[in-house]
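Residue strings, one per chain:
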Amino acid sequence: MSNQSSKGAILFSSTTFTENEWVSRIKALAPDREIFTEPHPSVEYAFLWKHPHGQLKDLPNLKVLFSLGAGVDHILSDKDIPNLPIVRAISDNLTARMSEFVIWHVLDHHRHGAFYRQNQRDNHWKDIGYQPAAHQIKVGILGLGELGRDAALKLNNIGFEVSGWSQSQKRIEHVTCYAGRENLPSFLSELDIVVCLLPHTPETENILDKELFSHLKTSGPLGAPYLINAGRGALQNEDDIVEAINASILSGASLDVFQEEPLAADHPFWQMPNVTVTPHIAADSDPDALLLKIIEQIENFEAGKELVDLVDLKRGY
Ligand code: NDP
Ligand code: OXD
C-alpha cells in the first residue's frame with residue numbers, strides 16, 4: 001500500500017467508500033506520497049469519509065483533515081478528532097451535480113411526475129387539468145451556501161420564483177433572501193416547493209419537522225407544498241414527514257438523505273407513491289475532481305500558502 005517518499009504521507013479512511021478505487025486514484029494523482037489505509041505515525045494528511053471514530057487521536061504528524069464530501073458532520077461527530085484545520089469539498093463538479101438533482105426534482109413536482117407515472121402504471125390516459133407555468137411556482141431553498149446559491153440561480157433561470165434562507169443575510173440577484181430563525185416562518189409561508197440544502201449542526205438537527213411544516217401554506221398552484229431534502233437525514237423528522245404527507249400538509253417529497261442510511265427495507269417511505277427515495281446520490285461527483293483539488297491544496301500548503309475551503313469550527317460547517 002505504500003511507496004517511499006519524503007513528501008507528507010496520506011491516510012485514506014472511509015467505512016463506506018471503496019478503498020481500492022479511491023487509493024488507486026490518490027496514487028495516480030500523488031505518486032510521490034505514501035498512502036496508508038490504517039493510522040500510521042508518519043501520516044500528515046487524512047482524507048476522510050465516515051472514518052472509524054477515534055482513529056485520528058494519536059497521530060503525531062497529522063496536520064490537516066480533508067473531508068471527501070461537502071458536509072463535515074461525519075468528522076465533527078468524532079469526539080476524538082485532533083484540533084487541526086478541516087478542509088471540506090467544494091468543487092464546481094459537485095455543485096453542478098447537486099443543482100442537477102434539485103432541478104430534476106423541482107421539475108418533477110412542478111410537472112406532476114408522480115401523477116403521470118401512476119397513470120401510466122394504470123394504463124390511464126388523463127391529464128392533471130391546469131398546468132401552472134414555472135413563474136407561478138415559488139421555490140424556497142433552506143441554505144444559500146455553495147450549493148443553495150447555485151441551485152437558486154439555475155432555478156431562477158428556468159423561470160421559477162426563487163427565495164432562500166440562510167444564517168447571515170445574502171444578496172443574490174433575482175432571489176429573495178431571508179436570514180435567521182425569526183424570518184423562517186415568513187419565508188416558508190409563500191412556498192410551493194421547499195428545498196433543503198442545509199448542513200447538519202446542532203442548530204439544524206430535526207429542523208424539517210411538524211413545527212416547520214405548520215408554517216407552510218395549505219394550498220397553492222400545486223396543491224400543498226412539496227419537500228426536497230438533499231442536505232442530511234439528521235435534518236428531517238421522518239415520522240413527521242410521513243404524517244404531513246398522509247395529512248396532505250405536504251403533497252409529496254424527494255428525499256436523498258435519511259436518518260439511517262441505507263434506509264431500512266421496511267421504512268414507509270419506500271411504499272409511498274408521492275415520495276421519491278434516492279440513495280444519497282444527489283451530488284454524486286467525480287472523485288478525481290475532488291482529489292485533484294485536495295492534492296493541489298496540499299502542494300500549496302507545503303509551499304507555505306493558506307488553506308482554503310476551511311470549516312468554521314464554531315459554526316460547525
Ligand atoms: P455551505 O456551508 O456552503 O452552506 C450552508 C448554508 O446553510 C449557508 O448558507 C448557511 O448560512 C446555511 N446555514 C447553516 N446553518 C444555518 C442555520 N442554523 N440557519 C440558517 N441557515 C443556516 O454548505 P454547502 O452548500 O456546500 O453544502 C450544504 C450541505 O449539503 C452539506 O453540509 C451536506 O450536508 C449537504 N450535501 C449533500 C450531498 C448529497 O449528495 N446529498 C452532497 C453535498 C452536500 P450562511 O451562508 O449564513 O453561513
Ligand atoms: C457530501 C455528501 O457532503 O456527499 O458531499 O453528502
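Residues numbered from 1 in each chain as written. Chains lettered and ligands numbered in written order. Predicted model: local features only at pLDDT ≥ 70, side-chain atom pairs only at ≥ 80, totals over all residues. Heavy atoms only, no water.

On to the sheet that holds strand 4 (residues 64–67). Strand order in the open sheet formed by five strands is 2-1-3-4-5, and the pairing between neighbours is parallel. Two strands close off the open sheet at either side, each with one partner strand: strand 2 (33–36) and strand 5 (86–87). Where strand 1 (residues 7–14) and strand 3 (residues 43–49) come together, six bridges link them in parallel fashion. Across the sheet, residue L11 finds its bridge partner in strand 3, namely A46. Packed onto the sheet, helix 1 (residues 19–29) meets strand 1, strand 2 and strand 3 and runs at close to 160 degrees relative to strand 1. Packed onto the sheet, helix 9 (residues 287–302) meets strand 1, strand 2, strand 3, strand 4 and strand 5 and runs at close to 155 degrees relative to strand 3. (Pairing = 2+ DSSP bridges. Helix = DSSP H or I, 4+ residues; strand = E, 2+ residues; numbered from the N terminus. Contact = heavy atoms within 4.5 Å. Axes fitted to C-alpha atoms, helices over the stretch in contact; angles between N-to-C directions.)

By nearness alone, every residue bordering ligand 2 is listed as W49, G69, A70, G71, R232 and H280. R232 is positioned such that a nitrogen or oxygen atom in its side chain is 2.7 Å from an oxygen atom of ligand 2. Protein chains bury 79% of the 210 Å² of accessible surface belonging to ligand 2 in isolation. Here the shell around ligand 2 is composed, by residue class, of two nonpolar, three polar and one charged. (Near = heavy atom within 4 Å. Polar contact = N/O pair within 3.5 Å; in protein donor to acceptor, adjacent residues only side chain to side chain. Areas by Shrake-Rupley, 256 points an atom, 1.4 Å probe, with all protein chains shown as cover. Nonpolar A, V, L, I, M, F, W, Y, C, P; charged D, E, K, R; others polar.)

For the rest of this paragraph, the subject is the nonpolar core. Counting 31 residues, the largest nonpolar core has V106, L155, I193, V195 and L197 as its most contacted members. Taken together, the elements giving at least two residues each to this core come down to helix 3 (92–110), strand 6 (138–142), helix 5 (146–158), strand 8 (175–179), strand 9 (193–196) and strand 10 (226–229). Of the residues forming this core, the biggest block, six residues, is contributed by helix 3. Core analysis: the second largest hydrophobic core is formed by 28 residues, L216, A244, I245 and L263 among them. (Core = buried A, V, L, I, M, F, W, Y, C linked by side-chain atoms within 4.5 Å. Buried < 20%, exposed > 50% of the residue type's maximum accessible area, 1.4 Å probe, protein only.)

Quick look at the side chain of D192 now. One can find D192 in the loop between helix 6 (184–188) and strand 9. Within the structure, the side chain of D192 is placed 3.0 Å from the side chain of K217, a separation counted as a polar contact. With sequence-adjacent residues up to four places away left out, D192 is seen in contact with Q136, I137, K138, K217, G220, P221, L222, P225 and Y226.

We now examine the packing of helix 1 against helix 9. At a minimum axis distance of 10 Å, the contact between helix 1 and helix 9 shows a crossing angle of 45 degrees. As summarised for this structure, helix 1 and helix 9 are arranged oblique, according to the angle between their axes. Between helix 1 and helix 9 lies a crossing whose hand is right-handed. Contacts between helix 1 and helix 9 pair W22, R25, I26 and L29 from the former with P287, D288, L291, L292 and I295 from the latter. Looking at side-chain class alone, the contact of helix 1 with helix 9 contains seven nonpolar, no polar and two charged residues. (Parallel < 35°, antiparallel > 145°, perpendicular 65-115°, else oblique. Left-handed = near helix turned anticlockwise from the far one by under 90°.)

This part takes up the domain arrangement of the protein. Parsing the protein into structural domains produces domain 1 (9–89 + 285–302) and domain 2 (92–277). Placing the centre of domain 1 and that of domain 2 at their C-alpha centroids yields a distance of 32 Å. The interface is formed by eleven residues belonging to domain 1 together with seven residues belonging to domain 2. Both faces considered, domain 1 and domain 2 share a buried interface measuring about 660 Å² in area, 53% of it formed by carbon and sulfur atoms. Run the count over domain 1 and domain 2 and you get one salt bridge. Measuring nitrogen to oxygen at the nearest pair gives 3.0 Å for the salt bridge that ties D73 to R232. At the boundary of domain 1 and domain 2, one finds two residue pairs in polar contact (both at pLDDT 80 or more). (Domains from an automatic or database assignment. Buried area = accessible area lost by both parts, 1.4 Å probe. Salt bridge = Lys/Arg side-chain N within 4 Å of Asp/Glu carboxyl O.)

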